[in-house]
Structures are given as C-alpha cells and as structure tokens.
Amino acid sequence: MSQARRGENGTQMEKDHCDVAVIGGGLAGLTLARQVLMQRPETSITIIEKKTFPVPEASHKVGESTVEIGAHYLGERLKLKKHLVDQHLPKLGLRFFFSPHDQPMSAGTEVGTSDFFPAPGYQVDRGRLENYLAGMVQEMGAELIPDSHVRQIEMAPDPESSLHRIEYEQNHEPCSLECRWLIDASGRQSFLKRKLNLAEEIDHNINAVWFRLDAEIRVDEWCDEPEWRQRTGRIPRRWLSTNHLLGSGYWVWIIPLSSGATSLGIVFDPRLHQLNDLNRFDKALAWLHIHEPECAARLEPHRDKLKDFMAMKRLARGCRQVFSKDRWALTGEAGVFLDPFYSPGIDYIAIGNTMITELITSDLANRPVTHLAPAFQSIFMTLFQNNLLAYQEQYPLFGNPRIMSLKYVWDYALYWSFPALLYFQDKLTEPAFIQSLSREIEAMRALNVQMQQFFREWHDREDVAFIDATFVDQRSIEILIQLNGELSEELDDKTLKARFVRNVEIIKDLMLEMTSRIGLQYPELMVSADVGLCSQNRLDRVFEAMNL
C-alpha cells in the first residue's frame with residue numbers, strides 16, 4: 001500500500017490506495033478482514049475505526065450470544081475455536097422461564113436443555129474477541145487506523161475504471177483513502193445506508209435497553225431445591241445458557257461473560273411497555289421489580305457495579321440493498337438487524353461476510369460479479385425475510401408457555417433444517433445450487449408463514465395459563481437432536497438435496513402434529529392445507545408437560 005505524503009502545511013499530497021477499505025473495526029469489519037485475508041492473503045485491506053484499541057472487554061454492543069451459524073463461522077471458518085474455548089464460555093443453548101406473578105422461577109415453566117447440543121455455541125466477551133481479532137488481522141497484513149472519523153464518502157463515478165474515496169480525520173488531521181471495494185461495517189452509523197438512501201422500514205417495532213454488571217449473576221443460585229438445581233446435571237450449569245425471562249410483550253436476557261461480568265437486556269413491544277419507563281438503569285431496575293421481581297432482587301446488591309447502559313428505539317432495521325456489483329457492501333448492523341431473541345446477529349455477519357468475501361475475491365481474480373452480487377442479494381434477503389416471520393406480532397405471545405414451548409421446537413427445527421444446514425454445507429454462496437432447491441425453499445417459507453399465523457391465532461383464543469412447575473427438556477426431543485447433530489455431516493450435492501427434501505417433510509409433519517393436537521381444543525385452528533400424514537409422534541413429552 002502506498003503511504004500518504006504531507007506537505008509542509010500538513011495537507012495530504014498523495015492518497016493511500018488499497019483493495020478493500022472497511023469502515024468500522026468492530027466484530028463485522030474485523031471478521032471480514034480475517035476471512036478475506038485467509039482466502040486471499042495478498043489483499044490490501046485498510047480498516048478505519050473510531051475507537052482506539054484495546055477496547056473495554058464489556059462494551060455497549062449487543063450480541064454476545066452465538067447460535068449455530070455464528071458459532072460455526074467463528075470457530076471453524078475463521079479458525080478461532082481455540083480462542084473461543086480458552087477465552088470465552090461454552091453456551092448451554094437458549095433457556096426460557098415463565099414465572100407466575102410474584103412466584104419464584106422454580107414455580108413456573110422452564111424450557112431448555114439438560115445438556116449441550118452436538119453443534120456448539122459460545123458466550124463471547126465482545127471486547128475481548130474484537131481485541132484479539134484486531135491484533136490478528138494486523139499480523140495478517142491489514143492496516144488498522146484507530147481514532148479515525150469518516151467525514152465524507154465519494155462513490156466511484158465509473159465503477160469500471162475508477163475507485164471509491166473516503167475522506168477521514170485521524171488525530172484531527174485530514175486524510176483520504178482510495179479503494180476498489182468499500183465495505184460499511186460501521187454499525188448503526190450506517191454511512192453507506194444514509195448516503196445511498198438504502199434504509200427500509202420493516203414491520204417489526206421493538207425497543208430495548210441493555211447493560212452490564214461487573215458481577216456474576218447465576219440463575220442456578222435462585223433456588224435451593226435439589227431437583228430444580230440438577231436439571232442440567234450434578235453441577236448446575238443453566239447459568240451458561242442465554243437465559244430468557246418472558247412475559248406478555250417482553251423478554252429479559254441474562255448472559256454470562258468470561259470476564260466475570262453479566263450482560264442483561266430487556267426487549268419489548270412499545271405497544272405494551274414504554275421506553276420512558278426503562279431508559280435509565282434505575283428505571284429499568286424498578287421495571288424489573290414489577291415484572292420480574294426475583295431477577296430484580298438478585299440484581300439489587302450489584303447496582304453499584306454498573307459498567308454501561310444503553311437504550312434504543314426501533315431495534316430492528318431493514319435495508320434495500322447490502323451487496324452491489326459496483327464494489328460496495330454493507331455488513332453487520334450497518335445493513336440489517338432483526339431481533340436478538342434467538343441471537344441471530346452474528347449469523348447475519350457470518351452469512352453476509354461470506355458472500356462479501358466471495359464477491360471481493362472473485363473480482364480481484366478478474367471474475368465478473370455482475371450477476372453474482374444480485375444473486376447474493378436475493379439469497380440474503382430471502383433468509384432475512386423468512387427469519388422475520390418468527391418475530392412479527394409475536395411479542396404478545398411471549399407470556400404463554402403452552403404456545404412458546406411449541407414455537408421453540410418449530411423455530412429451532414426450521415433454522416437447523418434450512419439456513420443452518422445450507423450454511424454448514426457452504427452452499428449459500430452457490431446461487432445455482434440454491435436455485436435447484438427453489439421449490440423446497442418456497443415450501444419451507446409457506447409452511448412458516450402458515451405456522452406463525454397459527455401461533456398468533458392460538459394466542460387470540462387462549463388466556464395465558466401458567467402450568468404447574470415443569471421442565472421441558474429439549475434434549476428429550478429426538479428430532480431436535482437429529483437436526484442439530486446432522487449439521488456437521490459432510491454431504492455431496494446429491495445427498496444434500498435429498499436431505500433438504502426430507503427436511504421439508506419433517507417440517508410438514510411437525511406442523512400437522514402441532515396443529516392436530518391443538519385442534520382438539522380449538523377445532524377452528526385445524527390446518528386445512530395438504531400436509532400429508534404425520535409419520536411420528538415427536539412431541540408427546542411437550543404436549544404432556546403443557547397439558548395439551
């Protein structure tokens with residue numbers, strides 16, 4: 001890379017040049033730099049970051065919890081597994097609690113897993129991971145420019161023959177950079193989204209507050225009953241889960257961090273809960289005393305250990321375009337963000353970065369991306385829109401353990417049998433292969449549309465009824481173990497297609513089994529679509545636990 005020269009008055013006389021300029025040195029930008037350099041080590045990459053490194057291990061960023069796609073991306077694709085195992089925590093899945101009002105957690109419904117699923121997940125200290133990545137990508141050859149602020153972006157006037165240009169300040173001095181590829185990884189600053197008017201409203205309005213306490217908050221310690229404590233084995237381990245406390249219109253997360261801190265957040269439907277009631281730490285704690293008093297009581301002794309606090313309106317964000325044949329792209333929250341309920345944030349970094357890496361390396365190898373960029377755009381937004389269905393108009397359901405216990409099975413099964421399977425098999429960047437599954441993918445989407453509507457209609461007909469204290473162990477649901485365990489299998493194209501076709505039938509069977517059982521109580525909810533005959537009774541234990 002050529003270095004800028006300055007005249008006697010400090011003005012820049014020559015611009016830097018690089019293959020790839022990344023605005024933003026957070027998780028999305030740093031992982032992209034590593035992925036590109038792993039695939040094409042000679043690529044010149046410059047990362048412009050407003051912060052200085054090292055960053056605090058507990059930062060304001062949401063997204064410490066990984067699920068299967070994101071964990072596979074970090075651990076296997078980016079070869080970070082040793083760091084994740086040594087410096088972060090294993091994740092004992094997602095865990096959900098429904099507590100009767102003013103009753104302890106142990107008196108309500110718990111849905112989770114007694115042991116780890118085959119495909120791993122991690123609880124990551126974002127600052128610790130980003131510091132490690134920052135050092136790693138610099139060792140690989142990337143230039144990281146900290147304490148820098150982008151002032152202006154000029155898109156290449158002729159993408160075929162000219163370069164993009166970034167004007168920025170470092171230590172209050174003007175600098176500029178020209179690049180072939182311009183990547184926006186700036187988070188919610190979204191430089192390119194604002195410049196190119198790419199923002200798009202999506203029909204999912206949620207607000208959130210989140211904070212970190214410099215204390216370990218272990219939910220296993222909230223009850224002394226031996227049976228309750230040992231649901232995850234002889235040594236209580238439920239604190240390693242991403243723990244969700246649920247009520248009508250909201251959920252609370254509790255995530256452990258290896259630094260000894262705990263991440264907590266409250267996400268809510270603004271039609272049912274008001275941001276003004278939660279937008280300071282003292283207000284959030286007072287709100288918890290009303291809605292989750294057991295949690296609030298456990299936090300009170302640590303209220304002087306607050307590390308950070310953030311409140312945000314309209315957490316979900318859409319974008320009309322995230323990849324362009326004109327050699328620019330958006331990744332992470334600079335592009336799209338859905339909802340943290342199932343921890344999908346790093347999933348979308350993984351999928352987006354993998355597509356961007358393919359675009360960059362193809363272009364730099366003189367392979368055209370004219371058709372590849374729009375193909376990736378279509379695949380990415382199809383996944384995004386299908387995932388959105390799991391959250392839209394669903395928050396009122398969150399206080400009903402009967403509905404949610406089945407919804408988790410449905411959402412997990414759909415995720416593992418469709419996007420996770422294709423990502424693990426490295427097929428999301430093969431448009432021709434995805435096109436060969438178009439009929440099956442549309443079938444999955446249609447079933448999901450129908451089933452999410454079913455859950456909403458069921459909720460409209462049923463008052464929230466808390467069940468006697470019970471534990472729904474997702475490790476006892478064989479189809480979930482099967483779908484999760486199959487992710488790591490290596491399949492050729494023919495076998496993968498057959499697996500995907502089979503998965504459509506599994507999803508159809510799950511729909512019929514769920515709707516048939518609920519239809520015994522609410523005949524008007526019986527699904528009339530031709531979904532075939534249910535070949536197995538996969539959910540009897542869930543039905544029994546939920547008095548269905």
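Presented here is a report on the structure given in the accompanying data block. Treat the numbers as computed from the prediction; the structure is a model and nothing was measured. (Residues numbered from 1 in each chain as written. Predicted model: local features only at pLDDT ≥ 70, side-chain atom pairs only at ≥ 80, totals over all residues. Heavy atoms only, no water.)

Observations concerning the sheet that holds strand S14 (residues 250–256)
At step 1: Pairing is mixed in the open sheet, where eight strands are placed in the order S16-S12-S15-S14-S13-S4-S5-S20. Only two strands of the sheet have a single neighbouring strand rather than two, namely strand S16 (306–312) and strand S20 (470–473). Ignoring which end each strand starts from, the neighbouring axes of this sheet average 15 degrees apart.
At step 2: Examined bridge by bridge, S14 and strand S15 (residues 262–268) share seven bridges and lie antiparallel to one another. In the sheet register, Ile254 faces S15, and the bridge partner there is Leu264.
At step 3: Strands strand S12 (207–213), S14, S15 and S16 of the sheet are contacted by helix H7 (residues 281–291), whose axis makes an angle of about 110 degrees with S14.
At step 4: The strands that helix H11 (residues 401–417) touches are strand S4 (94–98), strand S5 (109–112), strand S13 (242–247) and S20; relative to S4, the one it contacts most, it runs at about 170 degrees. (Pairing = 2+ DSSP bridges. Helix = DSSP H or I, 4+ residues; strand = E, 2+ residues; numbered from the N terminus. Axes fitted to C-alpha atoms, helices over the stretch in contact; angles between N-to-C directions. Contact = heavy atoms within 4.5 Å.)

Here we look at the packing of aromatic side chains
At step 1: Taken as a whole, this structure holds 22 aromatic pairs when the rule is applied.
At step 2: When the ring of Tyr342 is compared with that of Tyr412, the centres are 6.3 Å apart and the planes differ by 75 degrees; the resulting orientation is edge-to-face. Placement of the pair is Tyr342 in the loop between strand S19 (328–330) and helix H9 (345–364) and Tyr412 in helix H11, with a sequence separation of 70 residues.
At step 3: Overall, Tyr342 belongs to the buried group, its relative accessible area being 11%.
At step 4: Considering the side-chain rings of Tyr348 and Phe384, the 6.0 Å spacing of their centres and the 80 degrees angle between planes classify their relative orientation as edge-to-face. Highlighted residues: Tyr348 in helix H9 and Phe384 in helix H10 (residues 372–388), separated in sequence by 36 residues. (Phe/Tyr/Trp six-rings, centres within 6.5 Å; stacked < 30°, edge-to-face > 60°. Buried < 20%, exposed > 50% of the residue type's maximum accessible area, 1.4 Å probe, protein only.)

Bear in mind that shape data such as this cannot, by itself, settle questions of function.
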